[in-house]
Number of protein chains: 2
Amino acid sequence: MQQYIENNRDRFLNELLDLLRIPSVSADSKFKNDMLKAAEFVRDSIQKAGADKAEIYETAGHPVVYGEKIIDPKLPTVLIYGHYDVQPADPYELWNSPPFEPVIKNERIFARGACDDKGQFYMHIKALETMIATDTLACNVKIMIEGEEEIGSSNLGTFVKEYREMLKCDTILISDTSIIANDVPSIETGLRGLTYVEVEIVGANRDLHSGVYGGGVANPINVLCEMIASLKDENGHITIPGFYEKVGELTTEQRDALNAAPFDLEEYKKDLQINDIQGEAGYSTIERTSVRPTLDVNGIWGGYIGEGAKTVLPSKANAKISMRLVPHQTDDEILELFTKHFESIAPASVKVKVMPHHGGLPYVTPTDSVEYKAAELAMEESFGKKPIPTRGGGSIPIVALFEQELGCKSILMGFGLDIDALHSPNESYGLFNYYKGIETIPLFFKHYAELKQ
Amino acid sequence: MQQYIENNRDRFLNELLDLLRIPSVSADSKFKNDMLKAAEFVRDSIQKAGADKAEIYETAGHPVVYGEKIIDPKLPTVLIYGHYDVQPADPYELWNSPPFEPVIKNERIFARGACDDKGQFYMHIKALETMIATDTLACNVKIMIEGEEEIGSSNLGTFVKEYREMLKCDTILISDTSIIANDVPSIETGLRGLTYVEVEIVGANRDLHSGVYGGGVANPINVLCEMIASLKDENGHITIPGFYEKVGELTTEQRDALNAAPFDLEEYKKDLQINDIQGEAGYSTIERTSVRPTLDVNGIWGGYIGEGAKTVLPSKANAKISMRLVPHQTDDEILELFTKHFESIAPASVKVKVMPHHGGLPYVTPTDSVEYKAAELAMEESFGKKPIPTRGGGSIPIVALFEQELGCKSILMGFGLDIDALHSPNESYGLFNYYKGIETIPLFFKHYAELKQ
């Protein structure tokens, strides 16, 4: 098996590079055709890997690619999940090389989606090819690659409900997360949920001269800033009434275990080139970014943002605001709390609108399950080290839905690194991680099949 | 004279429309050639009006157009000032007709610059033509039309110093302000000054994944919002230490006189389609927009502002912030106070930069001067009503410089209206106001010459 991977090393890489050349940005409608191209590319790859079936399923949004290889109904079935859509690449000017023209530098692949999630799900297709070619496939495999993860998987729920029978499986394997370091393997046992909204503050019915009207009427930008500022207190606590009500506090033991993971604050600050960190009082950086909820403005705009100076008192101002949620908050409930509160703090001098974008539930996976043990053994075998269970700060909203609809847990066996710069300019993925993933995945199947007997 | 204006009514209008077709936006370098075109148009118009001299003077920025008609050294000399540059026209989508394709609707000219200031300074060129053609010119006339008023007249100071001799005059007449209503003439006796800055807040060295880093590091947008919000207290007072130190409070008499000007709050709210006004506690809308200093965010941007949702924790956020100043604040001093304060309130988790754009001093003109009396008599004669002295909220930074360099006061005899939507989409100027100005200006010359004898 190792031999097969070795022999096809270059092809495995070049195929991924071809996939990375397709700008499959789901958030921006002008890339609609590229989304389709990417879906077809994935379908063909699954086909060539030796699957019995590989098809594109239309949805109300971007299509889902599904394929399967059923070798023996008596064997356990693993469902692979991933997404072929990527985050928008802007700001383009900050990329050292064009985001959709992948380049290899210092043993890393630089391109939008290199890690999130094209590089990571494609490892599974290559692992599948390897297992079939070397006749070492130990389980039945189903593989579902969607195109709307970066915009909230809004249509996958319907898809999963509709094809529940087809998707029936014993566990779900997902590579869309990170390890602590290449010599410190880890498995994410929890994810944060998400509530994402866009807000609009409208003042006068037109842009005004800031000299003629300035001081006499509300300035929507000033008002928006004041409203956003009021959403957190001086300790970094979110002030939305009821926001923390459902948040499960960790036990001292859980906190200690979590904080036991290697973390170097000086390295962290050096990597980000910041003089100081900032966050909720009373919690460590690891806790702030994994088991605590957050509120971040992801984008803001209003008034004159062109060259030079314009003395305008703008008619409106907008912002995109997202909140990361932790067990047992629910995105619907937080959306409702946010909306109610945000509308309530708007002064009478403006009109406020809150438009929900998308959300997802937080998730926790037990470390005593068969699938977790299988992942643990697989990583221990390929890395030569037992992986550390961690809690991730990101969100894969769909895992909660899988549990609900398909009745099984997901294993988050990702191979990325913090330095991969997900969602940022110059996203990259290490060649070591790509090949290590292709090598580790078959081991998961092997151990999972054994443990299930 | 009236007859001459009558006979040339259509030509006077069509010439202005031609001028309005030139997109002379000084703030945006891509209009550099149009700026030159506009300057040449103005020079030729002054020439054709019958001036002895009309030339374009290069500056470090956009050129100044200067012309003169000296009929008798013993007669008083009036310097006309105006500007041929206009504000940027965006947002374009909010214009009912293209900003640089003027249309006449309901007796109004719709175009960027229709009132501010092309429509208003062009009245002077047509008035000059009329006085020369009808041999009724009662004073020497000098006329200086610049191209950088909307970006702070940064090079006019040098020009005025260099050509102090050429510009020597007894008074300065400017039409770049408004009257209360077509049947309520008024003259602005004061203007607010301006300090305009651009600020930048920088957090991490790159855009980050809001899930992986959210909650652990400063979000520049949140920080910027908090810093901006903190610049005003709950009473709308500006919190910058020393900001109000030099502000001259009005006497009860002055306040009463100011508030005596007709103002209908319901009409005001209806026109702007707002449910409530907002401003500094303890002051009327008229006071808030004329004799009180302000702080407004004119533009803000940061993070992802495209279609859809992007869960990014941005690297930086920017804003354009301007402050309107009143006697006896100075723009340099306020710039210094703002910069010092803004830098001091930035948390250690971010870097802050304050970049000054431009500024100007506030200005007050005495109502007991010869030139004010002349303007008063001229308007009384043409409107059939004595004009009310008002205080304007806008800024014409240059008038303070004129007084300093040329040693004489400026008369702000403008003919605009609040509904002209200066700096806004669908800027317009009433035909009544255009022709009334052309009719009133010669009367100013007549009365001024008489009063000076």
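Parameters and conventions
Residues numbered from 1 in each chain as written. Chains lettered and ligands numbered in written order. Predicted model: local features only at pLDDT ≥ 70, side-chain atom pairs only at ≥ 80, totals over all residues. Heavy atoms only, no water. Pairing = 2+ DSSP bridges. Helix = DSSP H or I, 4+ residues; strand = E, 2+ residues; numbered from the N terminus. Axes fitted to C-alpha atoms, helices over the stretch in contact; angles between N-to-C directions. Core = buried A, V, L, I, M, F, W, Y, C linked by side-chain atoms within 4.5 Å. Buried < 20%, exposed > 50% of the residue type's maximum accessible area, 1.4 Å probe, protein only. Contact = heavy atoms within 4.5 Å. Buried area = accessible area lost by both parts, 1.4 Å probe. Salt bridge = Lys/Arg side-chain N within 4 Å of Asp/Glu carboxyl O. Polar contact = N/O pair within 3.5 Å; in protein donor to acceptor, adjacent residues only side chain to side chain. Nonpolar A, V, L, I, M, F, W, Y, C, P; charged D, E, K, R; others polar. Phe/Tyr/Trp six-rings, centres within 6.5 Å; stacked < 30°, edge-to-face > 60°. pLDDT = per-residue confidence, 0-100.

As annotated in an unreviewed UniProt entry, chain A is Succinyl-diaminopimelate desuccinylase from Dyadobacter linearis.

Draft legend 1. Expanded view of the sheet that holds strand 11 (residues 294–303) of chain A. Judged by pairing direction, the sheet is antiparallel, and its eight strands sit side by side in the order 14(A)-9(A)-13(A)-11(A)-11(B)-13(B)-9(B)-14(B) without closing on themselves. With partners counted over all chains shown, the strands left at the sheet margins are strand 14 (351–360) of chain A together with strand 14 (351–360) of chain B, one partner each. When the angles between neighbouring strand axes are averaged without regard to direction, this sheet yields 20 degrees. With five bridges connecting them, strand 11 of chain A and strand 11 (residues 294–303) of chain B associate as antiparallel partners. Bridge pairing in strand 11 of chain B places Trp-301 of chain A opposite Trp-301 of chain B.

Draft legend 2. View of the nonpolar core. Among the nonpolar cores identified, the biggest contains 63 residues, and Val-42, Tyr-84, Leu-173, Met-413, Tyr-434, Phe-444 and Phe-445 of chain A are the most heavily contacted of them. Sorting the residues of this core by element identifies helix 2 (9–20), helix 3 (32–49), strand 3 (77–83), helix 4 (118–133), strand 6 (140–146), helix 12 (370–383) and helix 14 (431–452) of chain A as the ones contributing at least two each. Per element, the largest residue contribution to this core is ten residues, and it comes from helix 14 of chain A. Contacts of Phe-445 of chain A, omitting those with residues within four sequence positions, involve Val-78, Ile-80, Met-131, Leu-137, Ala-138, Cys-139, Val-141 and Leu-173 of chain A. The next biggest cluster of nonpolar side chains, apart from the first, holds 62 residues, and it includes Ala-114, Cys-139, Ile-145 and Tyr-435 of chain B.

Draft legend 3. View of the interface of chain B and chain A. Tallying the contact residues gives 88 residues for chain B and 88 residues for chain A. Of the roughly 7,600 Å² buried between chain B and chain A on both sides combined, carbon and sulfur atoms contribute 50%. For the pair chain B and chain A, the interface holds two salt bridges. Measuring nitrogen to oxygen at the nearest pair gives 3.0 Å for the salt bridge that ties Arg-206 of chain B to Asp-271 of chain A. At the surface where chain B touches chain A, the tally comes to 47 residue pairs in polar contact (both at pLDDT 80 or more). Mapped onto the side of chain B that touches chain A, the elements with two or more residues apiece are strand 9 (193–202), strand 10 (208–209), helix 7 (220–229), helix 9 (265–272), strand 11, strand 12 (312–313), strand 13 (316–325) and strand 14 of chain B. Considering each element in turn, the side of chain B that touches chain A owes the most residues, ten residues, to strand 11 of chain B. Across the side of chain B that touches chain A, the residue classes break down as 35 nonpolar, 33 polar and 20 charged.

Draft legend 4. The packing of aromatic side chains, seen in detail. Tallied over the entire structure, the rule returns 34 aromatic pairs over all chains. Following the ring pairs from residue to residue traces out a cluster consisting of Tyr-57, Tyr-66, Phe-159 and Tyr-163 of chain A.

Draft legend 5. Representation of the confidence of the model for chain A in the model. Summary statistics for chain A give a mean pLDDT of 95 and a share of 100% for residues scoring 70 or more. Scoring the predicted complex yields pTM 0.77 and, for the interface, ipTM 0.77.

Draft legend 6. Expanded view of the pairing of strand 2 (residues 64–69) of chain A. Residues and elements named next belong to chain A. In terms of residue burial, strand 2 counts as a mostly covered element, since six of its six residues are buried. Linking strand 1 (residues 53–57) to strand 2, which pair antiparallel, is a turn of six residues. Bridge count for strand 2 against strand 6 is five bridges, and the pairing is antiparallel. Residue Val-65 lies in a different strand from strand 6, and its bridge partner there is Ile-145.

Draft legend 7. Here's a closer look at the sheet that holds strand 18 (residues 428–430) of chain A. All names here are of chain A. In space, the three strands of this open sheet follow the order 4-5-18, with antiparallel pairing throughout. Among the strands making up the open sheet, the edge pair consists of strand 4 (103–105) and strand 18. Shown here is a sheet whose adjacent strand axes are inclined to one another by a mean of 30 degrees, direction ignored. Note that strand 5 (residues 108–110) and strand 18 share three bridges and pair antiparallel. The partner of Ile-109 across the bridge, within strand 18, is Tyr-429. Against the sheet, helix 2 touches strand 4 and strand 5, its axis set at about 20 degrees to strand 5. Docked against the sheet, helix 14 engages strand 4, strand 5 and strand 18, running at close to 60 degrees with respect to strand 18.

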